[in-house]
Amino acid sequence: MIRRLFRQPTPTPVSTPEERAGWAKPVYGKNPARCDAVCYQAVPGETEWYPPVMAGAETFSFACASAETLQDALEVMQKLSPDDYTRYLTKFYTEGLNRFGDGWIYADIVTVLLTMSRVLQPRRYLEIGVRRGRSVCTVASQTPSVDIVLFDMWMKGYAGMENPGPDFVREELKKVGHEGKAEFIDGNSHITVKKYFADNPDAFFDLITVDGDHTDPGAAEDLADVLPHLSVGGAIVFDDVCHPVHPGLAQVWRTQVADDPRFSAWTFADAGYGVGFAIRKH
Ligand SMILES: C[S@@+](CC[C@H](N)C(=O)[O-])C[C@H]1O[C@@H](n2cnc3c(N)ncnc32)[C@H](O)[C@@H]1O
């Protein structure tokens, strides 16, 4: 039997403009931390004319969508315990590379995280929506020393597959050589993330992924909660911006991030379920 997940009968509802107006909004504070990998700093005594970020999302979009990165993504996935979805993805990547070779322009959460963790070498990574650890393991594979904070409520049977929880993800992290700290925070992100930042108001992260609640207001709220804690020069990654079952997420991404001049954003919605990432400029 072929299960077509993208044809589930009940897509998440798309918010109306009135509902959008009620979405949670990020509240940015003063003096954010800086991720130096993409920043330029004038020497003391010289004028800093530009905002610090010298390479925006466009610079890294080529690597995110390249055949070379896909090969590396295949290698990372092969280290992890497979499930129905990653078996499918492995075949999808391999077939695309065979058919289109270097000319294949394809990106997803894995190719983006692989590229951006390589570029940024994040000291701290936050993720909402972990499931079996594919995305966090991609980050750890490129930055073994990264300290990570992971939020999930481990919904049973998520997308029709097992969702085994933190012990399983800890084992997966070992397979990619993770050496940093890993903090798992279980429960509904709309409670746990707020509590985490109430307890750690000065915490900043160089790389953040939001891939948990896929309703429009829920995803908007997750973004609003984490964005003020993204370092300048750091990157936010948002999955599924062209997922047919979650048609409103594209607008969530635009409203909370891509249309905000504070960010340099790149959105891939040509194939697969799509992905967006953005670098915080100031
Ligand atoms: C799409 S999966 C994450 C996939 C993972 N990022 C990857 O790339 O392999 C979404 C995960 O978010 C979790 N989730 C959904 N809604 C949530 C919420 N409100 N709070 C916390 N976790 C949630 C689910 O339990 C599920 O494990």
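Notes on the structure follow. The structure presented is a predicted model; accordingly, all values stated were derived computationally and were not measured.

Digging into the overall build of the chain
Stage number 1. Of regular secondary structure, the chain possesses 10 helices and seven strands.
Stage number 2. Whereas a compact globule of 282 residues would reach a radius of gyration of roughly 19 Å, the chain reaches 18 Å, a difference of no more than 12%.
Stage number 3. Looking at the 282 residues of the chain, the share that counts as buried comes to 52%.
Stage number 4. Put simply, 72% of the contacts in the chain that link residues at least 6 apart link residues at least 24 apart.
Stage number 5. As presented, the chain carries roughly 13,600 Å² of accessible surface, and 54% of it is formed by carbon and sulfur atoms.
Stage number 6. Both charge centroids of the chain, one from 28 positive and one from 38 negative side chains, sit 2 Å from each other.

Let's talk about unusual backbone geometry
Stage number 1. Notably, Gln121 is not glycine yet its phi reads approximately 45°, a positive angle.
Stage number 2. Turning to its location among the elements, Gln121 is positioned in the loop between α5 (109-120) and β1 (124-128).
Stage number 3. Despite not being glycine, Arg131 shows a phi value in the positive range, around 50°.
Stage number 4. Within the secondary structure layout, Arg131 lies in the loop between β1 and α6 (134-142).
Stage number 5. Judged by relative accessible area, Arg131 falls into the buried class, the value being 17%.

With respect to the site of the ligand
Stage number 1. In the region of the ligand, 19 residues are neighbours, and Gly129, Ser135, Asp152, Ser189 and Asp211 sit closest.
Stage number 2. Arg131 places a main-chain nitrogen or oxygen 3.5 Å from an oxygen atom of the ligand.
Stage number 3. A distance of 2.7 Å separates an oxygen atom of the ligand from a polar side-chain atom of Asp152.
Stage number 4. For the ligand, the protein covers 94% of the area, taking 600 Å² as the surface of the free molecule.
Stage number 5. Mapped by element, the contributors of at least two residues to the shell around the ligand are α6 and α8 (189-199).

Some details on the pattern of salt bridges
Stage number 1. For the structure on display, the rule yields 13 salt bridges.
Stage number 2. When the shortest N-O distance is used, the salt bridge between Asp167 and Arg170 registers 3.2 Å. In this pair, Asp167 and Arg170 are both assigned in helix α7 (residues 166-175), three residues apart and thus about one turn of the helix distant.
Stage number 3. We classify Asp167 as exposed; its relative accessible area is 60%.
Stage number 4. On the basis of relative accessibility, which here comes to 37%, the residue Arg170 falls in the partly exposed class.
Stage number 5. Put simply, Asp83, Arg131 and Arg132 are held in one network by salt bridges that share partners.

Examining the side chain of Asp152
Stage number 1. Tracing the backbone through its elements, the reader meets Asp152 in strand β2 (residues 147-152).
Stage number 2. Lacking a salt bridge, the buried Asp152 has Arg131 as its closest oppositely charged neighbour, with an N-O distance of 7.8 Å.
Stage number 3. In this structure, Asp152 is in contact with Gly129, Val130, Arg131, Asn163, Ile185, Asp186 and Gly187, ignoring residues within four places of it in sequence.

Thoughts on the pairing of strand β5 (residues 230-239)
Regular strands place side chains that alternate from one sheet face to the opposite one.
Stage number 1. Taking burial as the measure, the 10 residues of β5 include 10 buried ones, the bulk of the element.
Stage number 2. The pairing of strand β4 (residues 205-210) with β5 spans five bridges and is parallel. Its bridge partner being in β5, Ile208 is matched across the sheet by Ile236.
Stage number 3. In this view, the connection linking β4 to its parallel neighbour β5 by way of helix α9 (residues 216-226) has right-handed handedness.
Stage number 4. Pairing analysis gives five bridges linking β5 to strand β7 (residues 275-280), with the strands arranged antiparallel. Along β7, the bridge assignment pairs Ala235 with Ile279.

A look at the packing of α9 against helix α10 (residues 249-258)
Stage number 1. Where α9 contacts α10, the axes come no closer than 9 Å and their chain directions differ by 30°. Regarding the angle of α9 to α10, the classification is roughly parallel. Between α9 and α10 the crossing geometry is right-handed. Judged by residue contacts, Asp216, Ala219, Ala220, Leu223 and Ala224 of α9 engage Leu249, Val252, Gln256 and Val257 from α10.

Regarding helix α3 (residues 67-79)
Stage number 1. When the terminal C-alpha atoms of α3 are compared, their 19 Å separation across 13 residues agrees well with the 18 Å that a helix rising 1.5 Å per residue should span.
Stage number 2. Those residues of α3 that sit buried are Ala67, Thr69, Leu70, Asp72, Ala73, Leu74, Val76 and Met77.
Stage number 3. In the core, the buried residues of α3 are packed alongside α2 (57-64), α4 (84-100), α5 and α6.

What counts as what
Residues numbered from 1 in each chain as written. Predicted model: local features only at pLDDT ≥ 70, side-chain atom pairs only at ≥ 80, totals over all residues. Heavy atoms only, no water. Helix = DSSP H or I, 4+ residues; strand = E, 2+ residues; numbered from the N terminus. Rg over C-alpha atoms; globule rule 2.2 N^0.38 Å. Buried < 20%, exposed > 50% of the residue type's maximum accessible area, 1.4 Å probe, protein only. Contact = heavy atoms within 4.5 Å. Areas by Shrake-Rupley, 256 points an atom, 1.4 Å probe, with all protein chains shown as cover. Lys, Arg positive; Asp, Glu negative; His and termini not counted. Charge placed at Lys NZ, Arg CZ, Asp CG, Glu CD. Near = heavy atom within 4 Å. Polar contact = N/O pair within 3.5 Å; in protein donor to acceptor, adjacent residues only side chain to side chain. Salt bridge = Lys/Arg side-chain N within 4 Å of Asp/Glu carboxyl O. Pairing = 2+ DSSP bridges. Right-handed = clockwise from strand over helix to strand, strands pointing away. Axes fitted to C-alpha atoms, helices over the stretch in contact; angles between N-to-C directions. Parallel < 35°, antiparallel > 145°, perpendicular 65-115°, else oblique. Left-handed = near helix turned anticlockwise from the far one by under 90°. Expected span 1.5 Å × (residues − 1).

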